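Residue-level structure breakdown
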Amino acid sequence: MGGCFSDVRGGKQSVGVGLTGTTMYPISTSNATVNDAVDHFFRARGFRQLFTPLELKVGIWKIYGEFFDKRICNLKFFDKRVFPLHARCNPTSKMNMIPKGRYILPNLDPALYKIKVTNVPISKSEDYLEMEDLRLNLTTGSCDPRKMEWSLSLSASRLRDRDILSKSDPMVVVYSKKRDGTLEELGRTEVIMNSLDPAWIKKITVAYHFEIVQPLIFHVYDVDTKYYNLPVEMLKLNDAEFLGEGSCVLSEIVTKQGQSLTLDLHNRNGNRGLKNLGKLTVHAEETVASRNAIEVKFYCSRLENKDLFSKCDPFLRISRIVENGGSVPICKTEVVDNNLNPIWRPLCLTMQQFVSKDNPLIIECFDFNSSGNHVLIGNLQKSVADLEKLHEQKTGANFILPSSAHHGHGKVLKGQLFVDHFSEKQLYSFIDYVSSGFELNFMVAVDFTASNGHPRDPDSLHYIDPSGRFNAYQQAIMEVGEVIQFYDSDRHFPAWGFGGVTNGAVSHCFNLNGSASGVEVEGVQGIMAAYASALYHVGLAGPTLFGPVINNAAEIAGQSLSCNSRKYFVLLIITDGVLTDLQETKDALVRASDLPLSILIVGVGGADFKQMEILDADNGCRLESSTGRVVTRDIVQFVPMREVIAGELI
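Residues numbered from 1 in each chain as written. Predicted model: local features only at pLDDT ≥ 70, side-chain atom pairs only at ≥ 80, totals over all residues. Heavy atoms only, no water.

1. Some remarks on the pairing of strand β34 (residues 567-575)
For the record, the criterion: Note on classification: 1.4 Å probe, protein chains only; a residue is buried when its accessible area is under 20% of the maximum for its type, exposed when over 50%, partly exposed between these limits. We count a stretch as a helix when DSSP gives it H or I for four or more residues in a row; a strand needs E for two or more, and each element gets its number in order from the N terminus. Pairs of strands are assigned from DSSP output, requiring at least two bridges between the strands.
Taking burial as the measure, the nine residues of β34 include eight buried ones, the bulk of the element. Where β34 lies against strand β35 (residues 597-603), seven bridges are found, and the strand directions are parallel. Among the inter-strand pairings, V570 is bridged to a residue of β35, identified as S598.

Rendered as structure tokens:
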């Protein structure tokens, strides 16, 4: 996704990088339309009215009367549309009951909030609903489209070719246009190499406000190959070539039939002097509010070789079929070089990507070419549920090579796709833990490597000013600690140092208070006192290693979780330098990502913090361990010290 480039470097980069209940559908009745005239007006122009699902929470509905195998109780709306609820009869009590649970009512206009419940008898008997114990709650909540977030998928065709020896390497930047005419950047896609007809994987999320006009501006750029190593967020647009601009209003997309809109690209500021700058298609989908995700690992056997002098360089691209019959790409694997029996690293797919386990997915296997003309080896169509069965049955699915004939069914190939690993998981965020009643617990780790400078040197980052002015480390401890300590009831904080000499040896995780038995100090002032004391007893050394400190913090969080303690831990790491154990740190973070733990890294001084930005993973490239496991959730936030001072930390 973000930061994924489909070129020799980025095209071979992994892009692993997710409401329960019964769904009820409206019955077709003669009076089931909102307004025939308005409905015809929208449909004649290719639009549909805005609809959104409503959630129905039901206790138990008791329907007395004659015994029926199928009993229908209806929800009747003031626009006269009727939605059925099918009841099940209890033979013992001869009572028809609608099971307790959550139901989703689809296709409701957001204006239809005045709802009444009526019993529509299906016989002449005196049937009625017993209402005493019924808890009926119809809510819009996050299902209200006026407050929903929408995910935009982007693709283009016939873009201008600005490269001489190859094709353009396009990227899209999406802006929201404010009332004063200024543009606010909403997000960037990845860069796709050598393609004039790209389909980007990264989605742009937009908050939809029903009551206001939201103009969107789309800028397409050709990115120079020398910038491929940079995350897209760090690319300077002045260094890229402008390919075209498109614009629309968000409501145009979400009300369009199929929720897809194709825009003609033109020059900046509406200048249409150059024609045929290509087209940009925007497809919108409501985001799915779910924590469900799957982790899946694929491998193939006996792929057909498409290369003449070597073997294929295969990769997989997975797309989801959408309502209008088209498809949008949701992820792809890395490229495995020169291999007809490739094994890819695990992918983590959220329900936001695959929508439901029964939703059909198209899995395509390509032979990578640096020219951008990737050759299709074969494809197949499976749902997430189908992939789970393949894993359980330990069987493969044959790829199919589509036929060039119009009505052909395609050729079944010997090459097969296997699912080596399949697991379901819940992706919990920091807010999920805290809102569920977890208590915050603060931990801190301070960098004692020699690159900070000797504490007695006024230029040192560890210099203790006799006037009482805080150094950068003291500022970070105070700024973060004073916020978090109010959420920690006992205010006893584990505090470590790393990269310093204690007891004649370099230690990469030592107790800041100098105690051999206890790691905790009392309150933020206790951290400050332990830190100041350590500067007189700990020698500065190196190198800079995060792994041991993170493992210690993870051990504490894991022990707390195993004891069913409702605690969430926040580890503050204050550092000035470049990591020596980047991969070991990634491994530790991946292991810790299943625990109630977040890590805040504050960078002090003027060192190069690119490695910290890698750990932060805000560019969309999910961290992977050395074994190929993808991080469950993003638990790292890196902040330069200047932002801590500016109050932008929390």
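Structure's up, so let's keep going.
2. Observations regarding the pattern of salt bridges
Applied cut-off: When a carboxyl oxygen of Asp or Glu is within 4 Å of a side-chain nitrogen of Lys or Arg, the pair counts as a salt bridge.
Counted according to the given criterion, the structure contains ten salt bridges. Of the charged contacts in the structure, one is a salt bridge between D264 and K279, with a shortest N-O distance of 2.3 Å. Remark: K279 occurs in strand β18 (residues 279-286) and D264 occurs in strand β17 (residues 260-264); sequence separation between them is 15 residues. Judged by its relative accessible area of 44%, D264 is partly exposed. The salt bridge partner of K306 is E304, with a shortest N-O separation of 3.8 Å. Take E304: its relative accessible area is 34%, and that puts it in the partly exposed class. In this structure, a network of salt bridges that share partners links the residues K357, E388 and E424.

3. Side note on the sheet that holds strand β33 (residues 539-540)
If you walk across this open sheet you meet the three strands as β30-β29-β33, and the pairing is antiparallel. Only two strands of the sheet have a single neighbouring strand rather than two, namely β30 (505-507) and β33. Where strand β29 (residues 500-502) meets β33, two bridges bridge the pair, whose relative direction is antiparallel. In the sheet register, V501 faces β33, and the bridge partner there is G539.

4. Describing the nonpolar core
In a soluble, globular protein the nonpolar side chains are often hidden away together inside. For clarity, the cut-off: What is meant by a nonpolar core is a set of buried Ala, Val, Leu, Ile, Met, Phe, Trp, Tyr and Cys residues, joined one to another through side-chain atoms within 4.5 Å. Should any heavy atoms of two residues lie within 4.5 Å, those residues are considered in contact.
Counting residues in each nonpolar core, the largest one holds 36 residues, and the members touching the most others are F442, V444, V446, F448, L512, L572 and I574. At the level of elements, β27 (439-447), α6 (472-484), β28 (492-498), α7 (523-537), β34 and β35 are the ones that each hand at least two residues to this core. Other than its neighbours up to four places away in sequence, I574 contacts V444, A445, V446, D447, Y473, A476, I477, F498, V602 and V604.

5. A closer look at the packing of aromatic side chains
What counts is decided by this rule: Here a Phe, Tyr or Trp ring, Trp counted by its six-membered ring, pairs with any other such ring whose centre lies within 6.5 Å, and the pair is stacked when the planes are under 30 degrees apart, edge-to-face when over 60, and tilted otherwise. Comment: the charge-over-ring label is applied if NZ (Lys) or CZ (Arg) is within 6 Å of the ring centre and within 35 degrees of the ring normal.
Summed over all chains, the structure comprises eleven aromatic pairs. Centroid distance Y299 to F418: 4.9 Å. Interplanar angle 10°. Geometry classified as stacked. Residue Y299 is located in strand β19 (residues 292-301), and its partner F418 is located in strand β26 (residues 411-426); the two are separated by 119 residues in the primary sequence. Assessed through its relative accessible area of 27%, Y299 is described here as partly exposed. With relative accessibility at 13%, the residue F418 sits in the buried group. Each residue in the set F448, Y473, F510 and Y531 is aromatic and connected to the rest through ring pairs, giving one cluster. We note R268 situated over the ring of F242; from NZ or CZ to the ring centre the distance is 4.0 Å.

6. Section: the sheet that holds β18
Here is the rule we go by: Angles here are taken between N-to-C directions and fall from 0 to 180 degrees, while the axes themselves are lines fitted to C-alpha atoms, restricted in helices to the stretch in contact.
Spatially, four strands are ordered β14-β11-β18-β17 in an open sheet, and the strand pairing comes out antiparallel. On the outer flanks of this sheet lie β14 (204-207) and β17, each paired with one strand and no other. Within this sheet the neighbouring strands show an average axis-to-axis angle of 30°, counted without direction. Strand direction decides the pairing type here: strand β11 (residues 149-157) and β18, joined by eight bridges, are antiparallel. Each bridged residue has a counterpart across the sheet, and for L154 the counterpart in β18 is V282.

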